[in-house]
Amino acid sequence: METTRAVRRMKPLAVVIASMSLACGATCGGQSVSDPGPGPSRGPNVDMLRQSWRAYASRFIQGDGRVVDPKTGDMTTSEGQAYAMLRAAWMDDRAVFESVYTWARNNLNAGVRGDGLWAWKWGRASDGSWRVLDSAFASDADQDAALALIVAWKQWGDSRYLDEARRTLADLWQHGTVVSGGRRFLLAGDSLCQGPNCRLNPSYYAPYAYRIFAKHDPGRGWSELVDSSYVLLEANAGMTATLLPTDWLLLDVPSGGLRLGSEVDSYYSYDAFRAHWRVAADAALFGDPRADSFLRRSLGWLADQWRRNGRLPAAIGRDGSARAEHEPLEMLAAVAPAVRPLAPEVAEAMNRKVQSTLSGGLWGDRENYYLQNWAWFGAALYERHLAPLEAVR
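Cut-offs and rules
Here the residue index of a chain counts from 1 through its sequence in written order. The model is predicted, so local features are restricted to residues of pLDDT at least 70 and side-chain atom pairs to those at 80 or more, both for listing and for counting; the totals for chains, interfaces and linings are taken over all residues. With hydrogens and water stripped out, all remaining heavy atoms of the structure feed into the side-chain values. Two strands make a pair as long as DSSP finds a minimum of two bridges between them. Secondary structure elements are taken from DSSP: a helix is a run of H or I of four residues or more, a strand is a run of E of two residues or more, and numbering for both begins at the N terminus. Salt bridges are identified by distance alone: a Lys or Arg side-chain nitrogen within 4 Å of an Asp or Glu carboxyl oxygen. Each residue's exposure class comes from its accessible area (1.4 Å probe, protein chains only) as a fraction of the maximum for that residue type: buried when under 20%, exposed when over 50%, partly exposed otherwise. pLDDT runs from 0 to 100 and stands for how confident the predictor is about each residue. What makes two residues a contact is simply this: any of their non-hydrogen atoms within 4.5 Å.

Q: Could you clarify how one ought to interpret the sheet that holds strand 8 (residues 249–252) in this entry?
A: Sheets are built from strands paired through backbone hydrogen bonds, the pairs being either parallel or antiparallel. The sheet built from four strands is open, its strands ordered 6-7-8-9 with antiparallel pairing. Looking at which strands have only one partner, the edges of the open sheet turn out to be strand 6 (193–194) and strand 9 (257–259). Sheet topology places strand 6 next to strand 7 (residues 197–200); two bridges connect them, and they run antiparallel. By the bridge assignment for strand 7, Cys193 is matched with Cys198.

Structure follows, in structure tokens:
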């Protein structure tokens, strides 16, 4: 399932559509966006985050709550629905949160799966109908959705959200984790194991989320996934000349052994950069020394590359070779807050490059759904606008 998304993300960025205007405000285009109000925190650039959220909702979220990806013929993914839920809760926008969550529940789960998890892919089929195209779940989406529900519960005091988060987490624990070699690992989904081997995605591992789950979903061993996150990421870094994590890994379930897969799976690219953001979020929210240690060890090569070239390639091979020449703004946005403790001047330069493309609430290629999400998450972490997550930790 992730292979399809990775191929889509590898396409070069399109030319910025500079003439596109959002002058019609928050109700132009798709979703009608409610004013999130003053919110619990107003840091230096919270207004920017609010404006970009409104612009994103207007462009990418339909009135019924479906998140569309224009680059793939308006396909919808569980990832997209979960990102929108998390951002809506973060921005205290309950109306959009409800519509996005309701659409996902009704279209990616009800009548599709027998558990509380979501089918990852929905779109136009070859017969012209719009429906689920792949009913497998993607664990990153389900854990982001559960985190969004916990934040929503805290923001709006509705216990229904916490109950629904716990139901999702119960099924994610049962179907999306495996004990291997004495450790519990997060599986990428339910269609990526063949025989004794499972493909894992290091960028799905979110230690900050597992700490929050452990607090609000007691009785399951979510802290086990905190530890396995760092074991997996450190092992993964040791497999490449750059010490960067890779897009995918292989787990030998009987032994717990981890190894690299194909050459393409071993790139640091459009999946892997999220690992650095997730570890940086754990450092910011919980101060785990393992987070700082991993980031300093793993990001040295990238910082040196930036100092030499002033840019990063979109895909980096396990040997450090550039496998795609264009530069992804989403990678810079996610890496900037992670690299700041090690190389603040590099972080600031990356952040400036990303923010220089912001216009009318959207960054760079205004049709790039993935860029708009990770530029936003990167900015929120860079600006330390983490109050909604701090409230549930």
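Q: How should I be thinking about unusual backbone geometry in this particular structure?
A: Most peptide bonds take the trans configuration, and most residues that are not glycine carry a negative phi. Phi is positive for Asp74, which is not a glycine, with a value near 60°. Looking at the secondary structure, you find Asp74 in the loop between helix 2 (46–60) and strand 1 (76–77). A positive phi angle, near 60°, is found at Asp92, a position not held by glycine. Positionally, Asp92 belongs in the loop between helix 3 (78–90) and helix 4 (94–109).

Q: When you look at the pattern of salt bridges in this model, what are you seeing that I'm missing?
A: Side chains that carry opposite charge are capable of pairing whenever their charged atoms lie near each other. According to the stated counting rule, one finds 27 salt bridges in the structure shown. A salt bridge links Arg160 to Glu98, with the shortest nitrogen-to-oxygen separation between them at 2.6 Å. Pair noted here: Arg160 is in helix 6 (residues 159–176) and Glu98 is in helix 4, with a separation of 62 residues, a long-range link. For Arg160, a relative accessible area of 31% gives the class partly exposed. Taking relative accessible area as the criterion, Glu98 reaches 21% and is therefore assigned partly exposed. One salt-bridge network, in which partners are shared between bridges, spans Arg94, Glu98, Asp158, Arg160 and Glu164.

Q: Looking at this structure, how should I read the sheet that holds strand 3 (residues 130–134)?
A: On the basis of which strands lie adjacent, the open sheet formed by three strands has the order 1-2-3 and antiparallel pairing. Both outer strands of the open sheet, strand 1 and strand 3, are each paired with one neighbouring strand and no more. When strand 2 (residues 121–124) meets strand 3, the two strands line up antiparallel, connected through four bridges. Residue Trp122 lies in a different strand from strand 3, and its bridge partner there is Val132.

Q: Would you mind showing me how to read the confidence of the model for the protein here?
A: A low pLDDT means the predicted coordinates there should not be read in detail. In this model, the protein carries an average pLDDT of 91, and 89% of its residues clear a pLDDT of 70 or more. Confidence over residues 1–44 falls short of pLDDT 50; this stretch has 115 contacts with residues more than four positions distant or in other chains.

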